[in-house]
Amino acid sequence: MTYYASKIFWLAAQPLSLALLLVVFGLLAGLMRWKRLRTTANIFAALLLFVTLFTSTGAVLLQTLEDRIPRAELPAGGPGCVIMLGGGIEAEVIAARGGFEMNQAGDRFIETLRLAREFPAARILISGGDGSFSGNYEGDAAVATRFFEAFGVPADRLIRETESRTTFENVENTKALLAANGLGRCLLVTSAFHMPRSVGLFRKLDIDVLPWPTDFRTTGQAGLAFDFSQPSTNSQLMTTALREWTGLLAYYLAGRTHALFPQ
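The shown structure was predicted, so the numbers you read here are calculated from the model rather than taken from an experiment. (Residues numbered from 1 in each chain as written. Predicted model: local features only at pLDDT ≥ 70, side-chain atom pairs only at ≥ 80, totals over all residues. Heavy atoms only, no water.)

(A) Inspection of the nonpolar core at higher detail. Core analysis: the largest hydrophobic core is formed by 23 residues, its most contacted members being Ile89, Phe109, Leu115, Ile124, Ile126, Phe148 and Val153. Of all elements in the fold, only strand E1 (81–85), helix H5 (91–97), helix H6 (107–118), strand E2 (123–127), helix H7 (140–150) and strand E4 (186–191) reach the threshold of two or more residues within this core. No other element matches H7, which puts 5 residues into this core. With sequence-adjacent residues up to four places away left out, Val153 is seen in contact with Leu113, Ala116, Phe148 and Leu158. Formed by 19 residues, the second largest nonpolar core is a distinct cluster that contains Ile69, Ile159, Leu183 and Leu201. (Core = buried A, V, L, I, M, F, W, Y, C linked by side-chain atoms within 4.5 Å. Buried < 20%, exposed > 50% of the residue type's maximum accessible area, 1.4 Å probe, protein only. Helix = DSSP H or I, 4+ residues; strand = E, 2+ residues; numbered from the N terminus. Contact = heavy atoms within 4.5 Å.)

(B) Expanded view of the pattern of salt bridges. Evaluation of the coordinates by the stated rule reveals 7 salt bridges. Taking the shortest distance from any N to any O, the salt bridge between Arg114 and Glu118 comes out at 2.7 Å. Of this pair, Arg114 and Glu118 both sit in helix H6, separated by 4 residues, roughly a single helical turn. The class of Glu118 is partly exposed, set by a relative accessible area of 41%. We note a salt bridge from Glu138 to Arg146, for which the minimum N-O separation is 2.8 Å. Given a relative accessible area of 34%, Glu138 falls into the partly exposed group. When its relative accessible area of 33% is taken as the criterion, Arg146 is described as partly exposed. (Salt bridge = Lys/Arg side-chain N within 4 Å of Asp/Glu carboxyl O.)

(C) Quick look at a nonpolar patch on the surface. Judged by side-chain polarity, Leu20, Val23, Val24, Phe25, Leu27, Leu28, Leu31, Met32, Trp34 and Leu37 come together as a nonpolar surface patch covering roughly 990 Å² of accessible area. In terms of residues, the nonpolar patch owes the most to one element, helix H2 (residues 15–31), which gives 7 residues. Summarising the element assignment, Leu37 is placed in helix H3 (residues 35–54). (Patch = residues over 30% accessible without salt bridge, like charges linked within 9 Å, V, L, I, M, F, W, Y side chains within 5 Å. Areas by Shrake-Rupley, 256 points an atom, 1.4 Å probe, with all protein chains shown as cover.)

(D) The pairing of E1, seen in detail. With 5 of its 5 residues buried, E1 lies for the most part within the structure. Here E1 shows two buried faces, one formed by Cys81, Ile83 and Leu85 and the other by Val82 and Met84. For E1 and E2, the ladder comprises 5 bridges, and the chain directions are parallel. Counted as the bridge partner of Met84 is Ile126 from E2. Bridging between E1 and E4 involves 4 bridges; their strand directions are parallel. The partner of Cys81 across the bridge, within E4, is Cys186. (Pairing = 2+ DSSP bridges.)

(E) Layout of the packing of aromatic side chains. Applying the stated criterion across every chain, the model contains 11 aromatic pairs. Where Phe147 meets Phe151, the ring centres are 5.1 Å apart and the plane angle is 50°; that geometry is what we call tilted. When its relative accessible area of 39% is taken as the criterion, Phe151 is described as partly exposed. Here the aromatic cluster, defined as three or more aromatic residues joined through ring pairs, consists of Phe100, Phe109, Phe147, Phe148 and Phe151. The cationic tip of Arg68 hangs over the ring face of Phe261; the distance from NZ or CZ to the ring centre is 4.0 Å. In this structure, Arg197 is placed above the aromatic ring of Tyr251, and the distance from its NZ or CZ to the ring centre is 5.0 Å. (Phe/Tyr/Trp six-rings, centres within 6.5 Å; stacked < 30°, edge-to-face > 60°. Lys NZ or Arg CZ within 6 Å of the ring centre and 35° of its normal.)

Interpretation in functional terms is not warranted from these geometric data alone.
Put into structure tokens, the structure is as follows:
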């Protein structure tokens, strides 16, 4: 139930949806002749849209997340395993067309494949089930089996965790698999902006991982400024950043991490 509640909450809370809700509220307030409420709602909607579409605020918020945890030093002799968190595939498109269709987080697959080839003795643990509302699609772990085998990584090196739908479930289910397989010295591969929350969850469950962020979406040099050249990209960056910051706050308040902003 919590999973579906969080999904529904974010559908309404992301910037463009929230701006639309404010506009609708303003229209209703106008019909009720509540002029002050109508004006206030319209002003907030306009400000939210302007900041989201025409400033670099989203890039700065996302960059702060990406810069928080750098890549760890590789252990002597290489890692014992590589943990890849799911979130990198377009499950609905794959179900309709086949193949391996990646989204913006697809670098997780690419970097994990590179590490698998560089360290042939390391086991590869893929964590990710079907996170859709319907539950009718393959998750990352299922698609990853075909993906890695297609590029020469044998199935006996792979450990699949196919039930998780959230980052918390990723970590909780991964802990049991690591213990069952006696694995340690594990690199954790996920998007750079997602690394603080992921590391915080692993630490809370007393699992030592070596962060290996990938899928960077900012240059590392972004500063607050007006940006009228790429409103759609600005909107995507803002939405991704606010979702991750919201996740950090929610997990901290729920006691799932020790710190609001793990480092």
